[in-house]
Number of protein chains: 2
Amino acid sequence: MATRRLDHALSDLRVLDLTRAAAGPACTRMLAEMGADVIKVEGAPGGDMIRHMASLQFRNEPSLYFVQQNRGKRSVCLNLHDPRGVAILAEMIPHVDVVVENFRPGVMEGLGLGYERLAEIKPDIILCSISALGQTGPLSQLPGYDFIAQAYSGITSMIGPADDAPYMPAAAIGDISTGVHGALAVVAAVHHRNRTGEGEHLDVALLDAYYHYHDANVASYSGSEGKHQPSRTGRHVEYLSPCGIYRANGGSIVIMSFLHHWPDLCKAMEREEWIDDPAWNSDAVRLQKMDEVVPAIEGWLQSFPDVESAVKRMQDFGVPCAPVLSVAQTVNHPHHRQRGTVRRVHDRLHGEVDLPGFPIKFKKLPNNTELEAPTLGEHNAEVLGEMLGRSQDEIRELAEAGILQEKEF
Amino acid sequence: MATRRLDHALSDLRVLDLTRAAAGPACTRMLAEMGADVIKVEGAPGGDMIRHMASLQFRNEPSLYFVQQNRGKRSVCLNLHDPRGVAILAEMIPHVDVVVENFRPGVMEGLGLGYERLAEIKPDIILCSISALGQTGPLSQLPGYDFIAQAYSGITSMIGPADDAPYMPAAAIGDISTGVHGALAVVAAVHHRNRTGEGEHLDVALLDAYYHYHDANVASYSGSEGKHQPSRTGRHVEYLSPCGIYRANGGSIVIMSFLHHWPDLCKAMEREEWIDDPAWNSDAVRLQKMDEVVPAIEGWLQSFPDVESAVKRMQDFGVPCAPVLSVAQTVNHPHHRQRGTVRRVHDRLHGEVDLPGFPIKFKKLPNNTELEAPTLGEHNAEVLGEMLGRSQDEIRELAEAGILQEKEF
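Some points on the relation of the copies chain B and chain A
Then, number 1: When chain B is fitted to chain A, the residual RMSD is 0.0 Å, and the transformation amounts to a turn of 180° plus an axial shift of 0.0 Å. Expressed as an axis order, the relation between the two copies is that of a two-fold axis. The rotation axis passes nearest to the C-alpha of Leu 184 of chain B in chain B, at a distance of 2.3 Å.
Then, number 2: Of the residues that chain B buries at the interface, 100% are likewise interface residues in chain A, meaning the two copies contact each other through the same surface.

Okay, here's the thing in structure tokens:
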């Protein structure tokens, strides 16, 4: 499998990947996309449940959801309910730099593979534990899904209308971006290990990642001694104007023509008289009459046949704005294609498919490299042979005993 | 300044930080919180405009917004409109490992400090360029704000009601998480440099980070040959049920009792008969009658006096759920306090204030270390003296000539 020897930033690292679902696999997939040899150990019989997620199924199994987060990894499928399976896992530890897991907190200890034990086997091991709400604290044992961590983080409370329940984004912002945090944690810990010989146990949680996104809310609550209670304010922010989502023909437009950008919008609207008019010329006065500002702008937007022509008019005048693109529009957008924000990949089972690009672009190292998602247990023999020195006979016996599993997807 | 010599994962790295506002400073602040010596060069006369952002001002200047993203850095304030200021900047390059900038694409070249020039001065330099829409592509010159990149990414289109304009989260998810991507890019490139001696130019954009959060949307559009057009579906996802936001007395609750979690919710609701009833017992049938599912659950939630008691009832039965906490509730939550998800820090000008914690928790390395945000130009003399060997007289002359600036905040 040529992809595994990808010459990239992290090609000297080997990662034992005990993750499934989304956040953990996103972390190790980022490491794999930067060249790390990622060995994904999946529990027999079915492996990562995301392989078989019917509601996210298109074309064939495994789901494209699995393919997206697991390209470039090797798969070993072990029966972890059998002590012989766990023993093989333990035998891998001396051969890897990093272990990443996203079990419920405590499960690694239950397997006899908590950080203390791993560090006995390999003192400089780096263990990265990814979870929804963290390894510690009174909520740590709750079932962990993205939207649960998001709700506990206070981020959900900041999305939607002031006078009704909030909305959740239909994208796994927490899962994927926590994977990015995990990858950063791992690479920083490797850097530290290389200098000092010290290992580390990293605790990375969706809750903490989401909480970190409060750029102003926590400080404004605390800094005002609680007088400012941050809460959702609908389609427009509460501290600048115009800054929000405006309805246009056929869609919506984000307009951010606050502060020094205001004159540009006035010119685009042919309302130059508002540039210096004290009833219009400051964010403070505009915020006080949003019931006039929004209809004035949305009314003007109605004079355009579509979002595109309205955006073009504003961008010609330097107004910071953007069309709210649908996913379909993004996939076919020349900017997104040219940058590799979206990429077309080849998968052995699915053929050609579009996926989000690797989110870091390199000038010299390769970008959006060709990788394949592994079939279940595809690399059982390879990994147990090369890394653990098992003979072909021994590997066959392990398979017959149900310790190793292999499937077509 | 003791903080600068913080013994942490990245203590051997020196970073020249040419960033302002949010995404760039978040990147370099994460590096500083892991021990890097970050020298923030701010343009005279005012420095980072975020220092003075009145709408985010509480207590004193600089804004807490500035403090939050700039703790642990050193500040040098240089007049970059004067060639002597730019020359000093160039003189710093041989002394740093990494340069991070978030100017509009092309500005570094305009200063005579594009990647090619930096690599002439120091061949293994790592330049990380952070922007809204990327260094390349037809949209790269547009003004860049978080919500503009979010709109172009298709993420905004996935938030809100199906039959009206979307909503934007009132938190800088794109800015801060792009900073995390930037920090990962930098540390991975340092790892590569240490092995190979090669430098790198990294292109990190909010658009690409946001796009990366489409865990299923891009694949489902592409994998279905465009038959599935992902779009926002309100407070409930379209592929599992229950999975969404439910109204309760005094607030809202995220409930995710789909698939194998359904029986737990039935038991909590004392509706055991629904566990095996074919009219209720699959996600598929529930998705087809959301107009019954939502009122049944919301009606039951009304029997509780508040969100807390309803959540407790469901969590006692193992139902994955969470209260939609307000920011105020998160700041005072025992879990968030105990984990350091939120932290109380001391600032010289603001006193004690709560801020989001560092989102990676370490077992051995220090967590949430004490750091101060610099006053403008606070380290002019220190950096120009120690690093560039300028005498006190020379530094005084530069200040008198307006090349160096220093202010109390």
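Now that the structure is up, let's keep going.
As for the sheet that holds strand S8 (residues 251-255) of chain A
Residues and elements named next belong to chain A.
Then, number 1: The antiparallel open sheet is built from 3 strands, whose spatial order is S7-S8-S9. Bordering the open sheet on either side are strand S7 (244-248) and strand S9 (321-323), each of which pairs with just one other strand. Here the average twist between neighbouring strands, direction ignored, is 30°.
Then, number 2: Here 3 bridges tie S8 to S9, and the two strands are oriented antiparallel to one another. By the bridge assignment for S9, Ile 255 is matched with Cys 321.

Details of the pairing of strand S3 (residues 73-78) of chain A
Residue and element names in this part refer to chain A.
Then, number 1: Summarising burial for S3: 6 of the 6 residues are buried, a large majority.
Then, number 2: Side-chain alternation along S3 places Lys 73, Ser 75 and Cys 77 on one buried face and Arg 74, Val 76 and Leu 78 on a second face that is also buried.
Then, number 3: Sheet analysis places strand S2 (residues 37-43) next to S3, joined by 6 bridges and oriented parallel. Its bridge partner lying in S3, Lys 40 is registered against Ser 75.

A few points about the pairing of strand S6 (residues 200-205) of chain A
Then, number 1: Among the 6 residues in S6 of chain A, 6 count as buried, and that is most of the element.
Then, number 2: Alternating residues of S6 of chain A divide into Glu 200, Leu 202 and Val 204 of chain A and His 201, Asp 203 and Ala 205 of chain A, and every residue in both groups is buried.
Then, number 3: Alignment of strand S5 (residues 126-131) of chain A against S6 of chain A, held across 6 bridges, turns out to be parallel. Within S6 of chain A, the position partnered with Cys 128 of chain A by the bridge is Leu 202 of chain A.
Then, number 4: Bridge count for S6 of chain A against strand S12 (residues 360-362) of chain B is 3 bridges, and the pairing is antiparallel. Among the inter-strand pairings, Leu 202 of chain A is bridged to a residue of S12 of chain B, identified as Phe 362 of chain B.

Some remarks on the interface of chain B and chain A
Then, number 1: Listed by partner, the interface residues are 125 residues for chain B and 125 residues for chain A.
Then, number 2: Classifying every residue of the side of chain B that touches chain A gives 73 nonpolar, 35 polar and 17 charged.

Topic: helix H13 (residues 307-316) of chain B
All names here are of chain B.
Then, number 1: When H13 is considered as a whole, its buried residues turn out to be Val 307, Ala 310, Val 311 and Met 314. For H13, the buried positions fall inside an angular range of 100° around the axis, keeping them on one side.
Then, number 2: Elements in contact with the buried residues of H13: strand S7 (243-248), strand S8 (251-256), helix H10 (262-268), helix H12 (290-301) and strand S9 (321-323).
Then, number 3: Gly 318 lies just past H13 and shows a positive phi near 80°.

A short note on the domain arrangement of chain A
In many analyses, interface size is given as the accessible surface area lost on bringing the parts together.
Then, number 1: Segmenting chain A into domains produces domain 1 (2-212 + 343-405) and domain 2 (244-328).
Then, number 2: On a C-alpha basis, the centres of domain 1 of chain A and domain 2 of chain A stand 44 Å from each other.

Quick notes on the sheet that holds S7 of chain B
All names here are of chain B.
Then, number 1: If you trace the 3 strands from one edge of the open sheet to the other, you get S7-S8-S9, paired in antiparallel fashion. Where the open sheet ends on each side, the last strands, each with one partner, are S7 and S9. Each neighbouring strand pair of the sheet contributes to a mean axis angle of 25°, computed without reference to strand direction.
Then, number 2: In terms of strand pairing, S7 meets S8 through 6 bridges, oriented antiparallel. Each residue of the ladder has a partner; that of Cys 243, found in S8, is Met 256.
Then, number 3: H12 rests against S7 and S8 of the sheet, and its axis sits at about 40° to S7.
Then, number 4: The sheet contacts of H13 involve S7, S8 and S9, and relative to S9 the element is tilted by about 165°.

Things to note about the confidence of the model for chain A
Then, number 1: Of the residues in chain A, 97% have a pLDDT of 70 or more, and the chain-wide mean is 95.
Then, number 2: Across the whole predicted complex the pTM is 0.97, and at the interface the ipTM reaches 0.97.

Digging into helix H6 (residues 146-153) of chain B
Then, number 1: Within H6 of chain B, 8 of the 8 residues are buried, leaving the element largely enclosed by the surrounding structure.
Then, number 2: Taken together, the buried positions of H6 of chain B are Asp 146, Phe 147, Ile 148, Ala 149, Gln 150, Ala 151, Tyr 152 and Ser 153 of chain B.
Then, number 3: Those residues of H6 of chain B that are buried lie in contact with S8, S9 and helix H14 (327-331) of chain A together with helix H7 (173-196) and helix H8 (206-212) of chain B.
Then, number 4: Two residues or fewer after H6 of chain B comes Gly 154 of chain B, characterised by a positive phi angle close to 85°.

Regarding the packing of helix H1 (residues 23-33) of chain A against helix H7 (residues 173-196) of chain A
Residue and element names in this part refer to chain A.
Then, number 1: One way to put it is that H1 packs onto H7 with a least axis distance of 7 Å and a crossing angle of 50°. As judged from the angle between their axes, H1 and H7 are oblique. Viewed along their axes, H1 and H7 form a crossing whose handedness is right-handed. Contacts between H1 and H7 pair Ala 23, Ala 26, Cys 27, Met 30 and Leu 31 from the former with Asp 175, Ile 176, Thr 178, Gly 179, Val 180, Gly 182, Ala 183 and Val 186 from the latter.
Then, number 2: Tallied by class, residues from the contact of H1 with H7 come to 9 nonpolar, 3 polar and 1 charged.

The rules behind these values
- Residues numbered from 1 in each chain as written.
- Chains lettered and ligands numbered in written order.
- Predicted model: local features only at pLDDT ≥ 70, side-chain atom pairs only at ≥ 80, totals over all residues.
- Least-squares fit on C-alpha atoms with pLDDT ≥ 70 in both.
- Contact = placed C-beta atoms within 7 Å.
- Pairing = 2+ DSSP bridges.
- Helix = DSSP H or I, 4+ residues; strand = E, 2+ residues; numbered from the N terminus.
- Axes fitted to C-alpha atoms, helices over the stretch in contact; angles between N-to-C directions.
- Buried ≥ 20, exposed ≤ 12 C-beta atoms within 10 Å, placed from the backbone.
- Nonpolar A, V, L, I, M, F, W, Y, C, P; charged D, E, K, R; others polar.
- Arc of directions from axis to C-beta.
- Domains from an automatic or database assignment.
- pLDDT = per-residue confidence, 0-100.
- Parallel < 35°, antiparallel > 145°, perpendicular 65-115°, else oblique.
- Left-handed = near helix turned anticlockwise from the far one by under 90°.

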